[in-house]
Amino acid sequence: MKNKLLLVKNKMILMLFYCLRFFPVKKNKVVVESYDGRGYSDEGKAICDSLLKKKSNLDIVWLVRDTSMKAPFGIRYVKLNSIKGVYELVTAKIWMDNRRKLSYVRKRKEQFYIQEWHGGGPCLKYIEKDATALPAEYVAYARNDSKMADLMISGSKWRTNNIKSSFWYDGEIIECDLMKNEDNRSDCEICDEVFNFFDELGANDNILLYAPTFRADHDLSCYHMDFEAVRRALIDKYGGEWKIIVRLHPNIANLDGFMTYSESIINGSKYPGINDLIVASKFLVTDYSGCMFEGFRLKTKVVLYALDLEHYTSNERGLYFDIRNLPSPLCENMEQFISCIRNFDEDKYEEQRQNFVDEIGYCKEPGPEIIADRVLEAIEER
């Protein structure tokens, strides 16, 4: 029944796309979506911040699930998948998104679509054409999304090659760095934003970010962690006060009732952008999530905590990298993890991290300015 209702809803939205095409495209309108309506965050935020500095007469619309959130100055929030939301898409000159648009979305020939694809870094798990077990429905709308895209953004040489070989796409690719890299964390605007967002954080707190990925079978036992034991190990090793922010994958964030939060164990799933959390954290702990690569790039200490390694690697889709040969230590149980924290070799990690980053070929060009300029060019192109 649920699938039938979803199919009916998608068909109705598709009809809206065609019915609303009688309205003209507005050259100064930009419509942005980030992670299926999460809010003003990540790559789109960086580009829009730059656009707002360059040109004040743009009408920038963000499609969000929760319109009760306060929109930043110069940004309009509109409900995702509402009639008004579809109208904004149909009449916008520029689209930007970092995930695939669903199959009912139809672009007009006057429009220009920028696909950001999660900032353009590497990923651990096979994706797109390489992931042979993807549902046929996803493949269909991924192909449609690539066909609509006028520009894809790559944050590394690795991702550029991946786009060319696996994304059913042969159009324009711009290599640039869309994500801010705050090397000096003692004077860090992003850190200030994170600390101001969470009431539980004090000015002198250190953060360990725990950000595991989801499992196709929705198993929750793999997320078990003795958070207090981790905090004690961090205090013994580094001193000071430590807080743990738990950031669940969007696919399981609505199940966070299985987590127990406190003043020291903080629910970070509502924070708009994970990269900000990585910048503000001293440690990033994950399992198979692609956020590990942002941790490497952003010079955060990364530890892999994978309780179900054998099961996951044999049952999930294939991996681009040998997880045992990544720069981060790999722990398969709590005892190993606590030992890793207490004996973390920072010099060894930094050497391995830098070698890996060099191999991936991360881009250093300031992406938000480059893409903002490309947006303004596209507005005048056709």
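Structure's up top.
Every value quoted in this text rests on a predicted model; they were computed, and no experiment measured them.

## Looking at the pattern of salt bridges
Counted by the stated rule, this structure contains 26 salt bridges. Residue Lys107 is joined to Asp150 by a salt bridge in which the shortest nitrogen-to-oxygen separation is 2.7 Å. A residue pair is termed long-range when its members are at least 10 positions apart, and Lys107 in the loop between β4 (92–97) and β5 (112–115) and Asp150 in the loop between α4 (136–148) and β6 (151–154) qualify at 43 residues. If you follow the salt bridges from partner to partner, you end up with Lys29, Asp59, Arg76, Lys84 and Glu88 in one network.

## Points about the packing of aromatic side chains
On inspection of all chains with the given rule, the structure shows 25 aromatic pairs. Both rings, one in Phe293 and one in Phe296, keep their centres 6.0 Å apart while their planes meet at 80°; by these two values the pair is edge-to-face. In this pair, Phe293 and Phe296 both sit in helix α9 (residues 291–297), three residues apart, roughly one turn of the helix. Classification of Phe296 as buried rests on a relative accessible area of 0%.

## Some details on helix α5 (residues 157–166)
Along α5, the residues that are buried comprise Trp158, Arg159, Thr160, Asn162, Ile163 and Ser166. Within two residues after α5, Trp168 carries a phi angle of roughly 55°, on the positive side.

## A closer look at the packing of helix α2 (residues 42–54) against helix α13 (residues 367–381)
Put simply, α2 and α13 touch, their axes get as near as 8 Å, and they point 60° apart. Like other packed secondary-structure pairs, α2 and α13 cross with a definite hand, here right-handed. Residues Ala46, Ile47, Ser50, Leu51 and Lys54 of α2 form the contact with α13, whose participating residues are Pro368, Glu369, Ile371, Ala372, Asp373, Val375 and Leu376. Taken together, the residues of the contact of α2 with α13 break down into eight nonpolar, one polar and three charged.

## Quick look at the environment of Lys164
Along the chain, Lys164 falls in helix α5. Of the residues examined, Lys164 reaches a relative accessible area of 58% and is grouped as exposed. Not counting residues up to four positions away in its chain, the partners in contact with Lys164 are Tyr169 and Ile173.

## Describing unusual backbone geometry
For Asp36, which is not glycine, the phi torsion reads 60° and is therefore positive. Counting through the fold element by element, Asp36 comes out in the loop between β1 (26–33) and α2. The class for Asp36 is partly exposed, based on a relative accessible area of 31%. Despite not being glycine, Asn81 shows a phi value in the positive range, around 65°. Relative accessible area serves as the criterion here: at 27%, Asn81 is assigned to the partly exposed category.

## Focus on the sheet that holds strand β2 (residues 59–64)
With respect to topology, seven strands assemble into an open sheet ordered β3-β2-β1-β4-β5-β6-β7, the strand pairing being parallel. Edge positions in the sheet fall to β3 (75–79) and β7 (172–175), since each has one partner strand and no second. In this sheet, neighbouring strand axes are inclined to one another by 25° on average, regardless of whether the strands run parallel or antiparallel. With four bridges connecting them, β4 and β5 associate as parallel partners. Residue Asp97 lies in a different strand from β5, and its bridge partner there is Gln115.

## Brief notes about the sheet that holds strand β11 (residues 283–286)
Taken together, six strands build an open sheet; the order of strands is β10-β9-β8-β11-β12-β13 and the sheet is parallel. Two strands close off the open sheet at either side, each with one partner strand: β10 (265–267) and β13 (330–331). Across three bridges, the pairing between strand β8 (residues 205–210) and β11 is parallel. Opposite Leu208, over in β11, you have Phe283 as the bridge partner.

## A short note on the pairing of strand β12 (residues 301–305)
Burial analysis of β12 places five of its five residues in the buried class, which makes it a mostly covered element. Going residue by residue along β12, you find Lys301, Val303 and Tyr305 tucked away on one face and Val302 and Leu304 tucked away on the opposite face as well. Here β11 runs beside β12; their pairing, made up of four bridges, is parallel. Pairing of Leu284 across the sheet is with Val302, part of β12. In this region the chain leaves β11, passes through α9 and returns to the parallel neighbour β12; the handedness of that crossover is right-handed.

## Thoughts on the state of the cysteines
In this structure the tally under the stated criterion is zero disulfides. Here Cys123 stays free of any disulfide, with the sulfur of Cys291 as its closest cysteine sulfur at 12 Å. Overall, Cys123 belongs to the buried group, its relative accessible area being 11%.

## Points about helix α6 (residues 189–197)
Listed in full, the buried residues belonging to α6 are Ile190, Cys191, Val194 and Phe195. Along the long axis of α6, the arc covered by the buried residues comes to 130°, so they all point the same way. Facing away from the buried side of α6 by over 90 degrees, the exposed positions are Glu189 and Asn196. As for α6, its buried residues are in contact with β8 and α8 (274–280).

## Description of the side chain of Lys125
Among the structural elements, Lys125 can be located in the loop between β5 and α4. Polar side-chain contacts of Lys125 include one of 3.2 Å to the side chain of Thr213.

## Comments concerning the nonpolar core
Ranked by internal contacts, the top residues of the largest apolar core, which has 97 residues, are Tyr210, Met225, Val230, Phe293, Leu326 and Phe337. Residue contacts for Met225: discarding those within four places in its chain leaves Tyr210, Val230, Val285, Tyr305, Met334 and Phe337. Among the nonpolar cores identified, the runner-up in size contains 27 residues, and Ile47, Ile75, Ile94 and Ile371 belong to it.

Here is what the cut-offs are and how they apply
- Residues numbered from 1 in each chain as written.
- Predicted model: local features only at pLDDT ≥ 70, side-chain atom pairs only at ≥ 80, totals over all residues.
- Heavy atoms only, no water.
- Salt bridge = Lys/Arg side-chain N within 4 Å of Asp/Glu carboxyl O.
- Helix = DSSP H or I, 4+ residues; strand = E, 2+ residues; numbered from the N terminus.
- Phe/Tyr/Trp six-rings, centres within 6.5 Å; stacked < 30°, edge-to-face > 60°.
- Buried < 20%, exposed > 50% of the residue type's maximum accessible area, 1.4 Å probe, protein only.
- Axes fitted to C-alpha atoms, helices over the stretch in contact; angles between N-to-C directions.
- Left-handed = near helix turned anticlockwise from the far one by under 90°.
- Contact = heavy atoms within 4.5 Å.
- Nonpolar A, V, L, I, M, F, W, Y, C, P; charged D, E, K, R; others polar.
- Pairing = 2+ DSSP bridges.
- Right-handed = clockwise from strand over helix to strand, strands pointing away.
- Disulfide = S-S within 2.5 Å.
- Arc of directions from axis to C-beta.
- Polar contact = N/O pair within 3.5 Å; in protein donor to acceptor, adjacent residues only side chain to side chain.
- Core = buried A, V, L, I, M, F, W, Y, C linked by side-chain atoms within 4.5 Å.

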